[in-house]
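# Observations on the model geometry
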Amino acid sequence: MKKQLTLGHGLILGAFCLGFGIVLAATDFATKEDIATRALEDRLNSLGQVIPDSIHDNNLVEGAIIMKNQRDKEITVYRATKDGKATGFAYEVYGTGYAGQMKLMLGLDAQGKILGVRVLAHKETPGLGDKMEVKKSDWILRFDGLSLGNPPVEKWKVKKDGGQFDQFTGATITPRGVVDAIRSGLELFAAHQDQMMDMNAPKQLTNGAEAKKEGH
Amino acid sequence: MTTQYKTIAKDGLWENNGVFAMLLGMCPAMAMTGTATNGLGMGLATAAVMAASSMLVGMFRNQITQEVRIPVFILVVASMTTLVDLSMNAWMHELYKVLGMFIPLIVSNCLPLARLEAFAGKNSTLPSLADGLFMGIGFTIALTMIGAVREIVGSGTLFADASLLFGPAFKAMEMRLLPEDTGILMMILPPGGFLTLGLLVVGKRILDVRAGKEIQMGGAHSAA
């Protein structure tokens, strides 16, 4: 008798699981395509802010390659080409801020000059550390046009550390992290310029499975 | 019949308000109320989940046995949350980008579960739908109020970025009430959430006492 009751409850729970499982599968099916489109739009949008449309005629997402950065982390390098020649690169760079990691998108032209930098994600204090967001302040725009030799590498620091970049009022750690991130991004380009420029390079420089994961 | 719905509405919006009277759903009430816009968005998403789950549980209340009701309730809330999560990601992407991380947390919000257990499990479909809806709206109002207070005092704006979330038509809602850089930073940080909630709960109590009501809200007492 008791066994039968347990079975009954189990069946009820099972029926609900099945029902909602079907509903969720249907929702996933209905939204999958739109979600993929939105994700692609987001990525193109953040790329468009650091690589101007005028310098490329390719689809930035399609020409991407995977490579490792200094910290041995895999990054996707998006490449802009015009008439088959490389005209720009964009990739994510990372810096350590006051409240953890900050993720930035760095755009460079073929000579390694900065086309633009934007902060993609951070957890800095609102009102203090978030002045590196372009909608809060134009601080981040001052990097445009600079490169590893201009200013010289020892000046790629905030003023407090003897460099040339202003810190924010009341916040030094955040801008220091941003400047560090950009400098390391420029150094990555300097070290792997040939690899990035090589249009015949395999789409990923590591194995395919990992590249798929990154692209997902 | 109409008196029943009136009571449900009054309970959800004021008397038994999920946040101000029962002190439930504190996680989103603290985490998502840095601005009025975020509070409003989070509240609406929660209200949608609550209305849908309450209706479903009310509909199937005779099939759900006592022994399995808790797992079934959680299953219902989790499924509805996933549904909202996926649809928002696909069709309200701007809102999703702000709230995305917090949508899955609706599952762990105890307010929907509490209403399923206390109301929807014992009432038929329509009253349950009404209860979920009004409790959800009450929750939305509470979150929007907390967000508005924190935003005005903290950053001097009201409904900033509302057009980003709900469309260009809502541009008119965005206001700057205090000059830039005059806000009290602490109010947007976590302590501001606790302070604001505390003061608003006190405010509600004062109004209730003035109206000559007997205060006997369990949640508020046990938390005090």
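Remember, predicted model here, so these are calculated numbers, not experimental data.

This part is about the overall build of chain B. A count of helices and strands for chain B gives 10 helices and 2 strands. The order of helices and strands in chain B, counted from the N terminus, is α-α-α-α-α-α-α-β-α-β-α-α. At 18 Å, chain B has a C-alpha radius of gyration in line with the 17 Å of a compact globule built from 224 residues. Structurally, chain B occupies a C-alpha span of about 55 × 50 × 30 Å along its principal axes. Sorting the 224 residues of chain B into buried and exposed places 47% on the buried side. Put simply, of all contacts in chain B between residues at least 6 apart along the chain, 77% involve residues at least 24 apart.

We now examine the interface of chain A and chain B. Interfaces are often sized by the accessible area lost when the parts come together. Residue-level contacts link 16 residues of chain A with 20 residues of chain B. Within the side of chain A that touches chain B, the residues separate by chemical class into 9 nonpolar, 4 polar and 3 charged.

Between A:Asn150 and A:Pro151 the backbone carries a cis peptide bond, its omega angle lying at 0°. Positionally, A:Pro151 belongs in the loop between strand E5 (114-121) and helix H2 (173-197).

In globular proteins that are soluble, nonpolar side chains generally tend to be buried together. The biggest cluster of nonpolar side chains holds 62 residues, and the ones touching the most others in it are B:Ala45, B:Val49 and B:Ala142. If you list the elements that add at least two residues to this core, you get helix H3 (36-59), helix H4 (69-91), helix H5 (93-99), helix H6 (110-120), helix H7 (125-155), helix H8 (162-166) and helix H9 (190-210) of chain B. In terms of residue count, H3(B) provides more of this core than any other element does, 14 residues in total. Not counting residues up to four positions away in its chain, the partners in contact with B:Ala142 are B:Asn17, B:Gly18, B:Val19, B:Phe20 and B:Ala29. A:Leu60, A:Ala90, A:Val93 and A:Trp156 belong to the second-largest nonpolar core, a separate cluster that totals 36 residues.

Quick look at the pairing of strand E2 (residues 74-82) of chain A now. Residues and elements named next belong to chain A. Across 4 bridges, the pairing between strand E1 (residues 65-68) and E2 is antiparallel. Along E2, the bridge assignment pairs Met67 with Ile75. Where E1 folds back on E2, the antiparallel hairpin that results is connected by 5 residues, among which Asp72 adopts a positive phi of roughly 65°. Pairing of E2 with strand E3 (residues 85-97), which is carried by 5 bridges, proceeds in the antiparallel orientation. Note on E3: the bridge partner recorded for Arg79 is Phe89.

Next up on the list: the sheet that holds E1(A). Residue and element names in this part refer to chain A. Pairing within the open sheet is antiparallel, and its 5 strands lie in the order E1-E2-E3-E4-E5. Each edge of the sheet is formed by a strand with only one pairing partner; in this case those strands are E1 and E5. Strand-to-strand twist in this sheet, taken as the mean axis angle between neighbours without regard to direction, amounts to 30°. Strand contacts of H2: E1, E2, E3, strand E4 (100-109) and E5, with the helix running at about 145° to E3, the strand carrying the most contacts.

As a further point, take the packing of H3(B) against H7(B). The axes of two packed helices give the description: the angle between them and the distance between them. All names here are of chain B. In contact at an axis separation of 7 Å, H3 and H7 are set at 165° when each is read in the N-to-C sense. Comparing their axes, H7 and H3 come out roughly antiparallel. Every pair of crossing elements has a handedness; the one defined by H3 and H7 is right-handed. A breakdown of the residues in the contact of H3 with H7 according to their chemical character gives 18 nonpolar, 14 polar and 2 charged.

Let us look at H7(B). With 31 residues, H7(B) should reach 45 Å at 1.5 Å per residue; the first-to-last C-alpha distance of 43 Å fits that figure. The buried count for H7(B) comes to 26 of 31 residues, which makes it a mostly enclosed element.

With that out of the way, let us pick up the packing of H7(B) against H9(B). Residues and elements named next belong to chain B. Where H7 meets H9, the closest approach of the two axes is 10 Å, and the angle between their N-to-C directions is 120°. Between H7 and H9, the angle falls in the class oblique. Where H7 crosses over H9, the two elements pack in a sense that is right-handed. Each of Met145, Ile146, Val149, Arg150 and Gly154 in H7 lies in contact with H9, whose residues at this interface are Gly192, Gly193, Thr196, Leu197 and Leu200.

This next bit is on the confidence of the model for chain B. Residue and element names in this part refer to chain B. Averaged over all residues, the pLDDT of chain B equals 86, while 95% of them reach at least 70. Predicted confidence in chain B is weakest over helix H10 (residues 218-223), with a mean pLDDT of 43, and strongest over H7, with 94. Contacts for the low-pLDDT stretch residues 219-224, under 50 throughout, to residues beyond four places or in other chains number 8 contacts. The complex model carries a pTM of 0.76, and its ipTM stands at 0.77.

Next up on the list: the environment of B:Thr33. Residue and element names in this part refer to chain B. Inspection of the secondary structure puts Thr33 in the loop between helix H2 (26-31) and H3. Owing to 29 C-beta atoms within 10 Å, Thr33 belongs among the buried residues under this scheme. Taking the C-alpha atoms as reference points, Thr33 and Val149, 116 residues apart in sequence, are found 9.2 Å from one another.

Counted at 1.5 Å a residue, the expected span for H3(B) with its 24 residues is 34 Å, and the 34 Å between its end C-alpha atoms agrees. For H3(B), a buried count of 23 out of 24 residues is recorded, marking the element as mostly surrounded by other parts of the structure.

A few words now on the confidence of the model for chain A. Residues shown with low pLDDT carry predicted positions that ought not to be read at fine detail. For chain A, per-residue confidence averages 83 on the pLDDT scale, and residues scoring 70 or more make up 90% of the total. A low-confidence stretch, residues 205-216 of chain A stays under pLDDT 50, and its non-local contacts, those more than four residues away or across chains, total 12 contacts.

Once that is clear, we can look at the environment of B:Leu99. All names here are of chain B. Within the fold, Leu99 resides in helix H5. For Leu99, a count of 23 C-beta atoms within 10 Å puts it in the buried group. Sequence separation of Leu99 and Asp181 is 82 residues, and the distance between their C-alpha atoms is 25 Å. Not counting chain neighbours up to four residues away, the residues in contact with Leu99 comprise Gly41, Met42 and Ala45.

So, how was this worked out
Residues numbered from 1 in each chain as written. Chains lettered and ligands numbered in written order. Predicted model: local features only at pLDDT ≥ 70, side-chain atom pairs only at ≥ 80, totals over all residues. Helix = DSSP H or I, 4+ residues; strand = E, 2+ residues; numbered from the N terminus. Rg over C-alpha atoms; globule rule 2.2 N^0.38 Å. Buried ≥ 20, exposed ≤ 12 C-beta atoms within 10 Å, placed from the backbone. Contact = placed C-beta atoms within 7 Å. Nonpolar A, V, L, I, M, F, W, Y, C, P; charged D, E, K, R; others polar. Core = buried A, V, L, I, M, F, W, Y, C linked by C-beta atoms within 7 Å. Pairing = 2+ DSSP bridges. Axes fitted to C-alpha atoms, helices over the stretch in contact; angles between N-to-C directions. Parallel < 35°, antiparallel > 145°, perpendicular 65-115°, else oblique. Left-handed = near helix turned anticlockwise from the far one by under 90°. Expected span 1.5 Å × (residues − 1). pLDDT = per-residue confidence, 0-100.

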